There are 2 protein chains.
Amino acid sequence: MELLKQRILKDGKALNEQVLMVDSFLNHQVDPRLMQEVGREFARRFAGDGVTKVVTIESSGIAPAAMTALSLGVDMVILKKSVSSILCEDILQTEVFSFTKQKTYQLTLKRRFLAPEDRVLVIDDFLANGEAAFGAIRLLEQAGALVVGVGAVIAKAFQPGMEKLREAGYRVEALAPVKRMGEGLIEFLED
Amino acid sequence: MELLKQRILKDGKALNEQVLMVDSFLNHQVDPRLMQEVGREFARRFAGDGVTKVVTIESSGIAPAAMTALSLGVDMVILKKSVSSILCEDILQTEVFSFTKQKTYQLTLKRRFLAPEDRVLVIDDFLANGEAAFGAIRLLEQAGALVVGVGAVIAKAFQPGMEKLREAGYRVEALAPVKRMGEGLIEFLED
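Residues numbered from 1 in each chain as written. Chains lettered and ligands numbered in written order. Predicted model: local features only at pLDDT ≥ 70, side-chain atom pairs only at ≥ 80, totals over all residues. Heavy atoms only, no water.

Visitor: Account for the packing of helix H3 (residues 62-72) of chain A against helix H3 (residues 62-72) of chain B, with residues named and values stated.
Guide: Packing of H3(A) against H3(B) brings their axes to within 9 Å, and their N-to-C directions diverge by 70 degrees. If you check the angle between H3(A) and H3(B), you find them roughly perpendicular. Only Ile62(B), Ala63(B), Ala66(B), Met67(B) and Leu70(B) of H3(B) make contact with H3(A), whose side of the interface consists of Ile62(A), Ala63(A), Ala66(A), Met67(A) and Leu70(A). Considering only residue class, the contact of H3(A) with H3(B) consists of ten nonpolar, no polar and no charged. (Axes fitted to C-alpha atoms, helices over the stretch in contact; angles between N-to-C directions. Helix = DSSP H or I, 4+ residues; strand = E, 2+ residues; numbered from the N terminus. Parallel < 35°, antiparallel > 145°, perpendicular 65-115°, else oblique. Contact = heavy atoms within 4.5 Å. Nonpolar A, V, L, I, M, F, W, Y, C, P; charged D, E, K, R; others polar.)

Following this line, the structure appears as structure tokens:
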């Protein structure tokens, strides 16, 4: 997605070979017009897949996922990282390790929001090691739903998540797949 | 906001006099079309206030705040409850107690995303005791920004937050102010 890549080159910052800062428009400050375009692009790419729910993981994926759900005309479900005292019903959980935060959390879903007939598109801001995406997929499959694909706003294609997901048979669409980065350098994969 | 009130009456559930479950359309499963209408309504109510930033607190406020920011044509800033290892720059923090989760967290903002000339609208899903809203306001005022108002999708008007904010001089707009509730009963304040 050219608009997004240009924005990453303009306002993103590669701190080193692993860390890409995009917090001025994607995950701390958020540009809602860019998110709307991101949502339209995911909706276009998954237009023929009969998506019935968009699922994301709190919290940086919520803005792009909400715009995607709006474009597709379906509901969004937010998988929770911490369980509120009032979320007490029949829930599904799976353990996920976050490399960024170096800790494990329980990804949680209230079972009644996903049904076996659901066709789910998983949207997140970043795809790197794939821990969060595989965690989401485990929960969705526990609920009996079909995962039609994973959409990442940015994928670090040099980390194993994208390849592991594809090897496991999942379709992955990354709007800005980063091939390589380093201080002052951000290089994308060709479309 | 009539559309929202009707949805709360239809799909919300008062578990007791304090707890209103709206997780089928607002904070676990999210209806993005309703959020778009919520965003348009906040934008209409604050149209004359020269808002330059919409600010919310992760994570249930993000969807309505993103739609509000989109309608107003401004950026959104998400105040963080947990600090990522890569969020290392000049930050502002304040301690907030969550009654729902019965724990304290450090609300965090990277200083460069709010400037003294900013006119900020704070959006959240719920307003109850006002702890989160006052925490957000403390951070925003530390950054030197002007808080033009607080918008809550739902306010529990029988809890002290709304009144305390107004007494402190802040404009509060609640799209669905709940006057009273109990098992099977939800009653709104008149507009």
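Visitor: Please provide a residue-by-residue account of the sheet that holds strand S3 (residues 29-30) of chain A, values included.
Guide: Judged by pairing direction, the sheet is mixed, and its seven strands sit side by side in the order S3(A)-S5(B)-S4(B)-S8(B)-S9(B)-S10(B)-S11(B) without closing on themselves. Two strands bound the open sheet, and with one partner strand each, they are S3 of chain A together with strand S11 (185-188) of chain B. Relative to strand S5 (residues 75-79) of chain B, S3(A) runs antiparallel, the two sharing two bridges. Paired with Val30(A) across the strands is Met76(B), a residue of S5(B). (Pairing = 2+ DSSP bridges.)

Visitor: Explain unusual backbone geometry residue by residue, including any values.
Guide: Backbone phi values are negative for most residues with the exception of glycine, while trans is the configuration of most peptide bonds. Residue and element names in this part refer to chain A. In this model, Glu58 is joined to Ser59 through a cis peptide bond whose omega is 0 degrees. Mapped onto the elements, Ser59 comes out in the loop between strand S4 (53-57) and H3. Of note, Gln102 is a non-glycine position whose phi angle comes to about 55 degrees, a positive value. With respect to the helices and strands, Gln102 occurs in the loop between strand S6 (91-98) and strand S7 (103-110). Overall, the relative accessible area of 54% leaves Gln102 in the exposed class. (Buried < 20%, exposed > 50% of the residue type's maximum accessible area, 1.4 Å probe, protein only.)

Visitor: Outline the pairing of S5(B), listing residues and values.
Guide: Residues and elements named next belong to chain B. Extensive coverage of S5 is indicated by the burial of five of its five residues. Burial of S5 is two-sided: the residues Asp75, Val77 and Leu79 facing one way and the residues Met76 and Ile78 facing the other way are all buried. Relative to S5, strand S4 (residues 53-57) runs parallel, the two being bridged by five bridges. Looking at S5, one finds that Thr56 is bridged to Ile78. In this region the chain leaves S4, passes through H3 and returns to the parallel neighbour S5; the handedness of that crossover is right-handed. (Right-handed = clockwise from strand over helix to strand, strands pointing away.)

Visitor: Tell me about the interface of chain A and chain B, residues and numbers included.
Guide: Of the residues lining the interface, 42 residues belong to chain A; the matching set on chain B comes to 42 residues. In this assembly, chain A packs against chain B so that about 3,700 Å² is buried in total across both faces, 58% of it on carbon and sulfur atoms. At the boundary of chain A and chain B, one finds six salt bridges. When the shortest N-O distance is used, the salt bridge between Asp75(B) and Arg33(A) registers 2.9 Å. Where the side of chain A that touches chain B is concerned, the elements lending two or more residues are S3, helix H2 (32-45), H3, strand S5 (75-79) and S7 of chain A. Counting residues per element, the side of chain A that touches chain B draws most heavily on H3(A), which supplies six residues. (Buried area = accessible area lost by both parts, 1.4 Å probe. Salt bridge = Lys/Arg side-chain N within 4 Å of Asp/Glu carboxyl O.)

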